[in-house]
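# Summary of the model geometry
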Amino acid sequence: MGCCGGRCTLIFLCTFQLMVALERQVFDFLGYQWAPILANFFHIIIVILGLFGTIQYRPRYIVVYAVWTALWVAWNVFIICFYLDVGGLSKESDLLTFNISAHHSWWSEHGPGCVRKEMPAASVRGPDSQAYISVMGCLLEYQYIEVLHSAFQILVAVSTAAGNAESASPSAGRPGTHTATRINRIDPIPITAALRAFQDRGCDSDGSLGDTTELRGYCSARDTNVLQPET
C-alpha cells in the first residue's frame, strides 16, 4: 500500500503540474507571448510523457522528464530575471514576442484591481488611428505576478521531478520485477515429470499424439530400459 500510495501521489503531482502548465498557456496566449507559448507547449508534452512513464513504470520516460525539468527551471529563472530587469534584460522589450509585435504580459492591463482606460489620439480619428491605454489602481504590478507565476512553476516542477526520480530508481519495486522473480523461481522438476508423462502417453497411444522422430527415439530407449525410472 505504501508503494501504491507514493505512486498515486506522483500521478497527482504530474496531473497538477499539467493543469498549472495549461493555465499558464492560456494567459500567455492572451498576451501574445510567443516564446513562452512555445516553451509551455513543449512543457505540456513532456509532462504528459512523464505522467505516462509514472503510470506505466517507464524509467526512460521519467529520465527524459527529469532532464526537461532542469531546462524548464532554467527557463523560468530567465523569465524571473526578465521581468525584474536583471542582467541588462528589460521587461519593456519585445523579446518574448520575437520582436514581431509590441504586446506585453496580459497581466499588465488585467491585473488585480487594475482599471483600464483607452484614450484616443487627439489627431484625426480613423480606422487606423491608435489609442493610448491608461492602467491605474493595480494592487500588484504585473511583473511581480509573472515572477510569482514562474516561481510557482519551479516549485511544482522540482517537487514532481524529485518524486519521479525516486520512482525510477532500481529499488522502486515495480510490479514487473516481482513477476519476473516469481517466474524464475519455478521448480523445473515438475515440468520434467510432466513432459515425461506426456511422452509415455505418446508411446502407449496409437499415434494420435503425433509420431515424430524424437518420440520414437524416446519410446525405443524406454522399451530397452535405457531410461532410468524417476525416483
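Structural data are supplied above this passage.
First, a word on scope: everything that follows refers to the structure included in this document. Here the structure is a predicted model, which is why all the values come from computation and not from measurement.

## A word on the packing of aromatic side chains
Any aromatic ring pair is given by two values, namely how distant the centres are and how the planes are angled relative to each other. Tallied over the entire structure, the rule returns 13 aromatic pairs. Summarising the aromatic geometry, the rings of W68 and W72 are spaced 6.4 Å apart at their centres and angled 25° between planes, so their arrangement reads as stacked. You can see W68 and its partner W72 sitting in helix α3 (residues 59–83), four residues apart, about one turn around the helix. Taken as a pair, W68 and W72 share a single burial class, namely buried. Site record: aromatic cluster; members linked through ring pairs are W75, F78, F82, Y83 and Y142.

## Description of α3
Between its terminal C-alpha atoms α3 stretches 36 Å, which fits the 36 Å expected from 25 residues at 1.5 Å a residue. Those residues of α3 that sit buried are I62, Y65, W68, T69, W72, N76, I79, I80, F82 and Y83. Positive backbone phi, at 55°, marks D85, one or two positions downstream of α3.

## Details of the side chain of T97
Mapped onto the elements, T97 comes out in the loop between α3 and α4 (107–110). Within the structure, T97 has its side chain in polar contact with the backbone oxygen of D94 (distance 3.0 Å). If we ignore the near neighbours within four places in the chain, the residues touching T97 are Y32, Q33, W34 and H103.

Conventions used here
Residues numbered from 1 in each chain as written. Predicted model: local features only at pLDDT ≥ 70, side-chain atom pairs only at ≥ 80, totals over all residues. Heavy atoms only, no water. Phe/Tyr/Trp six-rings, centres within 6.5 Å; stacked < 30°, edge-to-face > 60°. Helix = DSSP H or I, 4+ residues; strand = E, 2+ residues; numbered from the N terminus. Buried < 20%, exposed > 50% of the residue type's maximum accessible area, 1.4 Å probe, protein only. Expected span 1.5 Å × (residues − 1). Polar contact = N/O pair within 3.5 Å; in protein donor to acceptor, adjacent residues only side chain to side chain. Contact = heavy atoms within 4.5 Å.

Just distances and angles here, no functional claims.
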